[in-house]
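# Tertiary structure, described
This is what each chain is made of:
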Amino acid sequence: MTTAASTRETYGKTLLELGRENPDIVVLGGDLNKSTFIHLFAQEFPKRFFDMGPAEQNMMSIAAGLASSGKTAFASTFAVFGSGRPYDQIRIGISQPHLNVKIVVTHAGITAGDDGMSAQSIEDLALMCALPGFTVIVPADAPETARAVREAAATYGPFYIRLSRSATPVVHQNDYSFQIGKAEQLRDGPDATIIACGIMVKAALDASESLAQEGIRCRVLNMATLQPVDAEAIATAARETGAIVTAEEHLRHGGLGSIVAQVLGEHCPVPLEMVALDRYAESGRAEQLLEKYGLTAEKVAAAVRRAVGRKARPSGKGRPSSRRR
Amino acid sequence: MVRQTLDHTTSSQTRESSAHSATAEAPYSKATFSKEHLLLDELKGIALKVRRDIVEMTAQAESGHPGGSLSAVEILTTLYCRVMRHDPSNPHWQERDRFILSKAHACPVLYALLAHCGYFPREELRTFRKINSRLQGHAHIKTPGVEMSGGSLGQGLSFGIGAALAARLDGRDSRVYVLLGDGECDEGQIWEAAMAAPHYKLDNLVAIVDRNGLQNDRSTREAMDTEPLADKWRSFRWHTIEIEGHSFPAILEALEEAKTVKGKPTAIIARTVKGKGVSFMENNPEWHGKAPNKEQLEQALRELAG
């Protein structure tokens, strides 16, 4: 039985450890410091912690100023308030000068849940992947979160790390070794490849297991780093398995699916199916929303069947996917 | 790094060099200021040269923002030539004071001062806004001496807070100076920062508002009346000083007063004239973002001949 663990709590604990190791780490928060678990750092290092209140533009520009003076600045709030709200400050103040600011956000995607669509960031990956030089990571679980946060602290440059509100099924061992920009192959099979990130990695694994019982054997890639993306792993998967399915808790536009489509178009066009959102959601519990909006292992498996079915068609004759709801 | 004291009596380095001299003037470091050492004529000479650079740069680029550059000449000249501790041969010197141009469209005045101090060769001013130049249309961090990438108003004061917090954490006595436009004060983020700096008791931070009364389209009064501006800063718990922004003694006095203020940041509202020094540009919003043509440049240079 898979256990689940909170990625944001893991972030807070990891940040506290990093704070003990590196005196140049400073942390900024926007009045959501318990929810993001940066209060753990604040309690031990009050002088290196700056609460900005819910004033995210100010927070991002101050983080830039701290970074310009040699600090490694972590800024944390909910995903909606750490991406779209201060986007101009991130673009001009952090991305263009390529400063050492680590934006780590929580409560991303529809699993933010009952706060409703305003709180559900489903466009943030498109926004952040549009910024050249920004490293964008969506960890699959708590062990990967710990590794990604450590890598971000150790690597100069702007980062966006996207975490969830709910506890996330654990798919990695604690000794898991994470590499920025490298896809992780979790399963192998010749028939299709499922490329997933974040909470959808577990759904991809579950889908691959149910498909195996039907005789469809899948490669499963955990694409935690969306930018810079591991184009080689995508192209290799396309060549070797001939069909790709992407799965993400984000809009179809501008997220993992779009990035994979771009790589495929450039390097190795094969049938592609995307499991993603195509509209704003609503209030509800996380598991209800995932079910209603189609982010489940069953939907991933269905997408794989469609993609595998398209492989057999003469090229260029594939009908547009009928799976759109 | 040794802190140098500008020797006013023997300084040949501050003398006017020819308009396009390739020689970078020697660096200024933290000046010991006293009223006896004002050397007003010297500062006025630098200011005139900077004004000529501004109109020439924008004319050559055939674009840019001369009006709000000319209004800030005395402020930047005072900071770079008398007040700030900095080392043009080592732009990233950690102990330096920081100047942050929040109204980043006024970069011609900053570039002119940086070239004057020797951050880069003077002839590079001719590349302003042109392809392959380090002198971007809005101040960008890749230019030696530029602290912050700007170009979207309202962000510099927050950035300055970050720099001031870092100085305090490091135990450095670096001071941070941020130049804001008065039109820029329409931006909400200015007031987020205005709340945060006193909250963090940043007495190493000075905000200077270039109160020239005009913004891109028209007067600040017509576009968005921010008066009473000084009262706003006071009510946000800033030590607030109002001065004539083209008066070197007034600017120096205010900046020195700011150094004595403890436990809170200082805001200096500097009343200035947009386009100052060029008769046809003065107090005319048309010159916010327009370059002079050849004839206009010649007239401007005649007026700025000194």
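The shown structure was predicted, so the numbers you read here are calculated from the model rather than taken from an experiment.

## As for the overall build of chain A
- Helices and strands together make up the secondary structure of chain A, namely twelve helices and 14 strands.
- Taken over C-alpha atoms, the radius of gyration comes to 19 Å for chain A, in line with the 20 Å a tight globule of 325 residues would show.
- Across its three principal axes, chain A shows a C-alpha extent of roughly 65 × 35 × 35 Å.
- Considering chain A as a whole, with its 325 residues, one finds that 62% of them fall into the buried category.
- Within chain A, counting contacts between residues at least 6 apart in sequence, those at least 24 apart form 78% of the total.
- Summed over all atoms, the accessible surface of chain A reaches about 12300 Å², with 49% contributed by carbon and sulfur.
- Treating the 35 positive side-chain charges of chain A as one cloud and the 35 negative ones as another, the clouds have centres 4 Å apart.

## Overview of the sheet that holds strand β5 (residues 266-271) of chain B
Residues and elements named next belong to chain B.
- The strand order across the open sheet formed by five strands is β1-β2-β3-β5-β4, and the pairing between neighbours is parallel. Of all strands in the sheet, those with a lone pairing partner are β1 (98-101) and β4 (239-244), marking the two edges. Neighbour-to-neighbour, the strand axes of the sheet open up by a mean angle of 20°, direction not taken into account.
- Relative to β5, β4 runs parallel, the two being bridged by six bridges. Note that in β5 the partner of Ile243 across the bridge is Ala270.

## Some thoughts on the packing of helix α3 (residues 73-83) of chain B against helix α4 (residues 107-117) of chain B
Residue and element names in this part refer to chain B.
- Closest axis-to-axis distance for the α3/α4 pair is 10 Å, and the angle between their directions is 30°. On the basis of their axis angle, the class for α3 and α4 is roughly parallel. In this structure, the crossing between α3 and α4 has a hand that is right-handed. Of the residues in α4, those touching α3 at Val73, Leu76, Thr77, Tyr80 and Cys81 are Val109, Leu110, Leu113, Leu114, His116 and Cys117.
- In terms of residue class, the contact of α3 with α4 is made up of nine nonpolar, two polar and no charged.

## Considerations on the interface of chain A and chain B
- In this complex, chain A contributes 25 residues to the contact, which on the side of chain B involves 23 residues.
- Interface area for chain A against chain B, summed over the two sides, is near 1900 Å², with a carbon-plus-sulfur share of 58%.
- Of all residues in chain A, A:Asn58, A:Ser69 and A:Ile92 bury the most surface against chain B, accounting for 26% of the area lost on that side.
- Across the chain A-chain B interface, the total number found is one salt bridge.
- With a shortest N-O distance of 2.4 Å, B:Asp170 and A:Lys71 are connected by a salt bridge.
- Between the two partners, chain A and chain B, sit eleven residue pairs in polar contact (both at pLDDT 80 or more).
- Broken down by secondary-structure element, the contributors of at least two residues to the side of chain A that touches chain B are β3 (49-51), α3 (56-68) and α5 (87-95) of chain A.
- Tallied by class, residues from the side of chain A that touches chain B come to ten nonpolar, nine polar and six charged.

## Concerning a positive patch on the surface
Residue and element names in this part refer to chain B.
- A cluster of like positive charges, contributed by Arg168, Lys201, Arg237 and Lys264, occupies part of the molecular surface.
- Summarising the element assignment, Arg168 is placed in helix α5 (residues 156-170).
- Exposure remark for Arg168: the relative accessible area of 41% places this residue in the partly exposed category.

## Thoughts on the packing of α3(A) against α5(B)
- It is at 6 Å that the axes of α3(A) and α5(B) come closest, and there the two elements cross at 45°. On the basis of the axis angle, α3(A) is oblique to α5(B). In this structure, α3(A) meets α5(B) at a crossing whose hand is right-handed. Listed contacts from α5(B) to A:Asn58, A:Ser61, A:Ile62, A:Ala64, A:Gly65, A:Leu66 and A:Ser68 of α3(A) are B:Ser158, B:Phe159, B:Ile161, B:Gly162, B:Ala163, B:Leu165 and B:Ala166.

## Details of the side chain of A:Asn100
Residues and elements named next belong to chain A.
- Relative to the helices and strands, Asn100 resides in the loop between α5 and β5 (101-106).
- At 3.3 Å, the side chain of Asn100 forms a polar contact with the side chain of Thr72.
- At 3.0 Å, the side chain of Asn100 forms a polar contact with the backbone nitrogen of Gly157.
- Asn100 has contacts with Ala67, Lys71, Thr72, Ala73, Thr155, Tyr156 and Gly157, leaving out every residue within four places of it along the chain.

## Let's talk about the pairing of strand β4 (residues 72-78) of chain A
All names here are of chain A.
- Most of β4 is tucked away: seven of the seven residues are buried.
- Bridge analysis of strand β2 (residues 25-29) against β4 gives five bridges, and the strand direction is parallel. For Ile25, the partnering residue across the bridge sits in β4 and is Thr72.
- Taken together, the six bridges between β4 and β5 define a ladder with parallel strand orientation. When the sheet's bridge partners are listed, Phe74 is paired in β5 with Lys102.

## Observations concerning the environment of B:Lys276
All names here are of chain B.
- Mapped onto the elements, Lys276 comes out in the loop between β5 and α10 (294-303).
- Residue classification places Lys276 among the partly exposed residues on the basis of a relative accessible area of 28%.
- Taking the C-alpha atoms as reference, Lys276 lies 27 Å from Gly160; in sequence the two are 116 residues apart.
- In this view, Lys276 contacts Arg51, Leu70, His246 and Glu282; residues no more than four positions away in its chain are not counted.

## Quick look at the pattern of salt bridges
- Per the counting criterion, the structure on display carries 35 salt bridges over all chains.
- Between A:Glu17 and A:Arg150 there is a salt bridge whose closest N-O contact spans 3.1 Å. Pair noted here: A:Glu17 is in helix α1 (residues 7-21) and A:Arg150 is in helix α7 (residues 142-154), with a separation of 133 residues, a long-range link.
- For A:Glu17, a relative accessible area of 37% corresponds to the partly exposed category.
- Judged by its relative accessible area of 22%, A:Arg150 falls in the partly exposed class.
- When the shortest N-O distance is used, the salt bridge between B:Glu244 and B:Arg271 registers 3.3 Å. Here B:Glu244, found in strand β4, pairs with B:Arg271, found in strand β5; they are 27 residues apart in sequence, far enough to count as distant.

## Looking at α5(B)
All names here are of chain B.
- The end-to-end C-alpha distance of α5 is 21 Å, a good match for the 21 Å that 15 residues give at a rise of 1.5 Å each.
- All of the buried residues in α5 are Gly156, Leu157, Ser158, Phe159, Gly160, Ile161, Gly162, Ala163, Ala164, Leu165, Ala166 and Ala167.
- Phi for Gly171, located one or two positions after α5, is positive at around 75°.

Analysis parameters
- Residues numbered from 1 in each chain as written.
- Chains lettered and ligands numbered in written order.
- Predicted model: local features only at pLDDT ≥ 70, side-chain atom pairs only at ≥ 80, totals over all residues.
- Heavy atoms only, no water.
- Helix = DSSP H or I, 4+ residues; strand = E, 2+ residues; numbered from the N terminus.
- Rg over C-alpha atoms; globule rule 2.2 N^0.38 Å.
- Buried < 20%, exposed > 50% of the residue type's maximum accessible area, 1.4 Å probe, protein only.
- Contact = heavy atoms within 4.5 Å.
- Areas by Shrake-Rupley, 256 points an atom, 1.4 Å probe, with all protein chains shown as cover.
- Lys, Arg positive; Asp, Glu negative; His and termini not counted.
- Charge placed at Lys NZ, Arg CZ, Asp CG, Glu CD.
- Pairing = 2+ DSSP bridges.
- Axes fitted to C-alpha atoms, helices over the stretch in contact; angles between N-to-C directions.
- Parallel < 35°, antiparallel > 145°, perpendicular 65-115°, else oblique.
- Left-handed = near helix turned anticlockwise from the far one by under 90°.
- Nonpolar A, V, L, I, M, F, W, Y, C, P; charged D, E, K, R; others polar.
- Buried area = accessible area lost by both parts, 1.4 Å probe.
- Salt bridge = Lys/Arg side-chain N within 4 Å of Asp/Glu carboxyl O.
- Polar contact = N/O pair within 3.5 Å; in protein donor to acceptor, adjacent residues only side chain to side chain.
- Patch = residues over 30% accessible without salt bridge, like charges linked within 9 Å, V, L, I, M, F, W, Y side chains within 5 Å.
- Expected span 1.5 Å × (residues − 1).

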